[in-house]
Amino acid sequence: MRNHSLLLLLFSSLSACVQQPPAIDESMRRVDAQLPADFAGSWQRNYARDDDVNRALQQAWYDLARATPDRYDTTAGMAAPSQRDADAVVALARFTELITRSDDITIVQNDQEIRVERDDDFSLVCRFENGMSQPVENPGGAEICGWDGEDLVSQLTLADGLTVLHRFTISADGNELRVVTTVSSPTSRVPFTLQRFFRKFERPQSKFHCVETLTMKRVCSTKAEDE
């Protein structure tokens, strides 16, 4: 959470008063008694398969050129967006890279909740009650989840119009996880997308045992002391 203030600063730099349309509709929010996929476990980044940020930025520039054909420079053979459009895409790229920087994540799942715990960032939380996913308030804004087949989709919407969409896809053997993050803002003509890949691994058991006290403070001790 030490970078939480930095996240809020970036949220502000991308702010606007226009809300993005929701990406998750009511049909995606419906769930049966059993969730479509199990993402539980510890996951470590597979950097060899990750998207390269610069290449993703080039793709965003290409998309921007298609979105603004009147500003396409046929002589240079490349997009010639306004400085404002260029700055908006670069800001999205920096923000997306920042929020997808975790080396590993831990996912805890049961029939009512999926919690994605990330390094130096607040957890993503999906809750399910009465056959529907339920909105959850996060430090950045409101989160809602849904299912697209066996893919879990998390949508975080901020009051200033920035939208962060995470799509989680697990491999058939359950050992690889792909997380596609798309960030969009009313200040940018195009969104920015990055793919991150993770491998399942066994996390070493902690030497510390922690409990939450009635005063809402965490007290930790070594297992040797407990014994």
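Source: prediction; values computed, not measured.

What counts, and where the lines are drawn
Residues numbered from 1 in each chain as written. Predicted model: local features only at pLDDT ≥ 70, side-chain atom pairs only at ≥ 80, totals over all residues. Heavy atoms only, no water. Disulfide = S-S within 2.5 Å. Helix = DSSP H or I, 4+ residues; strand = E, 2+ residues; numbered from the N terminus. Buried < 20%, exposed > 50% of the residue type's maximum accessible area, 1.4 Å probe, protein only. Salt bridge = Lys/Arg side-chain N within 4 Å of Asp/Glu carboxyl O. Expected span 1.5 Å × (residues − 1). Polar contact = N/O pair within 3.5 Å; in protein donor to acceptor, adjacent residues only side chain to side chain. Core = buried A, V, L, I, M, F, W, Y, C linked by side-chain atoms within 4.5 Å. Contact = heavy atoms within 4.5 Å. Axes fitted to C-alpha atoms, helices over the stretch in contact; angles between N-to-C directions. Left-handed = near helix turned anticlockwise from the far one by under 90°. Nonpolar A, V, L, I, M, F, W, Y, C, P; charged D, E, K, R; others polar. pLDDT = per-residue confidence, 0-100.

## Some details on the state of the cysteines
(1) Moving on: The full count for this structure, using the stated rule, is one disulfide.
(2) Moving on: Note on cysteine connectivity: Cys126 is disulfide-linked to Cys145, with sulfurs 1.9 Å apart. A torsion of -65 degrees about the S-S bond marks the disulfide between Cys126 and Cys145 as left-handed. Taken as a pair, Cys126 in strand β6 (residues 124-129) and Cys145 in strand β9 (residues 142-148) lie far apart in primary sequence, 19 residues in all. Accessibility assignment for this pair places Cys126 and Cys145 in one class, buried.

## Topic: the environment of Asp87
(1) Moving on: Examined against the element boundaries, Asp87 turns out to sit in helix α4 (residues 83-99).
(2) Moving on: Given a relative accessible area of 45%, Asp87 falls into the partly exposed group.

## Considerations on the pattern of salt bridges
(1) Moving on: Taken as a whole and assessed by the stated rule, the structure comprises ten salt bridges.
(2) Moving on: Notably, a salt bridge pairs Arg189 with Asp85, separated by 2.9 Å at the nearest N-O pair. Taken as a pair, Arg189 in the loop between β12 (176-184) and β13 (192-201) and Asp85 in helix α4 lie far apart in primary sequence, 104 residues in all.
(3) Moving on: Residue Arg189 is classed as exposed on the basis of its relative accessible area of 52%.
(4) Moving on: Members of the salt-bridge network, linked through shared partners, are Arg45, Asp50 and Arg196.

## Points about helix α3 (residues 53-67)
(1) Moving on: Compared with the 21 Å implied by 1.5 Å per residue over 15 residues, the 21 Å span of α3 between its first and last C-alpha is a close match.
(2) Moving on: Among the residues making up α3, those that are buried are Val53, Ala56, Leu57, Ala60, Leu64 and Ala65.
(3) Moving on: With a side-chain oxygen positioned 3.1 Å from the backbone nitrogen of Asn54, the residue opening α3 is Asp52.

## Brief notes about the nonpolar core
(1) Moving on: The biggest cluster of nonpolar side chains holds 39 residues, and the ones touching the most others in it are Phe39, Trp147, Leu152, Leu177 and Phe192.
(2) Moving on: Leave out the neighbours within four places in its chain, and Trp147 touches Met28, Val31, Leu35, Pro36, Ala37, Phe39, Ile114, Phe128 and Leu152.

## Here's the deal with the packing of α3 against α4
(1) Moving on: Between α3 and α4, whose axes approach to 11 Å, the crossing angle comes to 145 degrees. The interaxial crossing formed by α3 with α4 has right-handed handedness. Each of Val53, Leu57, Ala60, Trp61 and Leu64 in α3 lies in contact with α4, whose residues at this interface are Asp85, Ala86, Val89, Ala93 and Glu97.
(2) Moving on: Partitioned by chemical class, the residues of the contact of α3 with α4 number eight nonpolar, no polar and two charged.

## Quick notes on the confidence of the model for the chain
Caution applies to low-pLDDT parts of the model: their predicted coordinates are not meant to be read in detail.
(1) Moving on: Scored by pLDDT, the chain has a mean of 81; 76% of the residues are at 70 or more.
(2) Moving on: Confidence over residues 1-21 falls short of pLDDT 50; this stretch has 46 contacts with residues more than four positions distant or in other chains.

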